[in-house]
Amino acid sequence: VWSIWDPGNPQTNHVFFAEYNSTGPGVEDADRPSFATVLTAEEASAYTIASAVGDDYADWVDMSYLP
């Protein structure tokens, strides 16, 4: 169940919610919120760990958890 985010709330005002290549039961008929975005392969390729959390991620991320 999704809750409506308050666009005036500074904690969620600039949040980007997206998914790519989701699988499993219920994915195709999922009732996504209006602010959710399903990315194409080309769109998803623009996102990396470094672009999401910073170039220094290898200094603080346990790399054994990454594929």
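Criteria and cut-off values
- Residues numbered from 1 in each chain as written.
- Predicted model: local features only at pLDDT ≥ 70, side-chain atom pairs only at ≥ 80, totals over all residues.
- Heavy atoms only, no water.
- Helix = DSSP H or I, 4+ residues; strand = E, 2+ residues; numbered from the N terminus.
- Buried < 20%, exposed > 50% of the residue type's maximum accessible area, 1.4 Å probe, protein only.
- Contact = heavy atoms within 4.5 Å.
- pLDDT = per-residue confidence, 0-100.
- Phe/Tyr/Trp six-rings, centres within 6.5 Å; stacked < 30°, edge-to-face > 60°.

### A few points about the overall build of the protein chain
Here's step 1: On a plain count of helices and strands, the protein chain comes out with three helices and two strands.
Here's step 2: Reading the protein chain from its N terminus to its C terminus gives the helix and strand order β-β-α-α-α.
Here's step 3: Buried residues in the protein chain amount to 7% of all 67 residues.
Here's step 4: Counting only contacts in the protein chain whose residues sit at least 6 apart along the sequence, the fraction spanning at least 24 positions is 23%.

### Observations concerning the confidence of the model for the protein chain
Here's step 1: Averaged over the protein chain, the pLDDT score is 84; the fraction of residues at 70 or greater is 88%.
Here's step 2: Per-element confidence in the protein chain ranges from a low mean pLDDT of 87 for strand β2 (residues 36-38) to a high of 95 for helix α1 (residues 41-44).

### Focus on unusual backbone geometry
Here's step 1: Phi at N21 is positive, roughly 60°, even though this residue is not glycine.
Here's step 2: One can find N21 in the loop between β1 (17-19) and β2.
Here's step 3: You can call N21 exposed: its relative accessible area is 58%.

### Thoughts on the environment of F16
Here's step 1: Residue placement: F16 occurs in the segment before β1.
Here's step 2: For F16, a relative accessible area of 47% corresponds to the partly exposed category.
Here's step 3: Once the C-alpha coordinates of F16 and F35 are considered, the two residues, 19 residues apart in sequence, prove to be 7.9 Å apart.
Here's step 4: Not counting residues up to four positions away in its chain, the partners in contact with F16 are T37, L39 and Y47.

### Let's talk about the packing of aromatic side chains
Here's step 1: Under the definition given, this model contains one aromatic pair.
Here's step 2: Consider the rings of F16 and Y47, whose centres lie 6.0 Å apart with planes at 20°: the pair is stacked. With a gap of 31 residues between them, F16 in the segment before β1 and Y47 in the loop between α1 and α2 (49-53) connect regions that are remote in the sequence.
Here's step 3: Taking the relative accessible area as the measure of exposure, Y47 reaches 46% and is therefore partly exposed.

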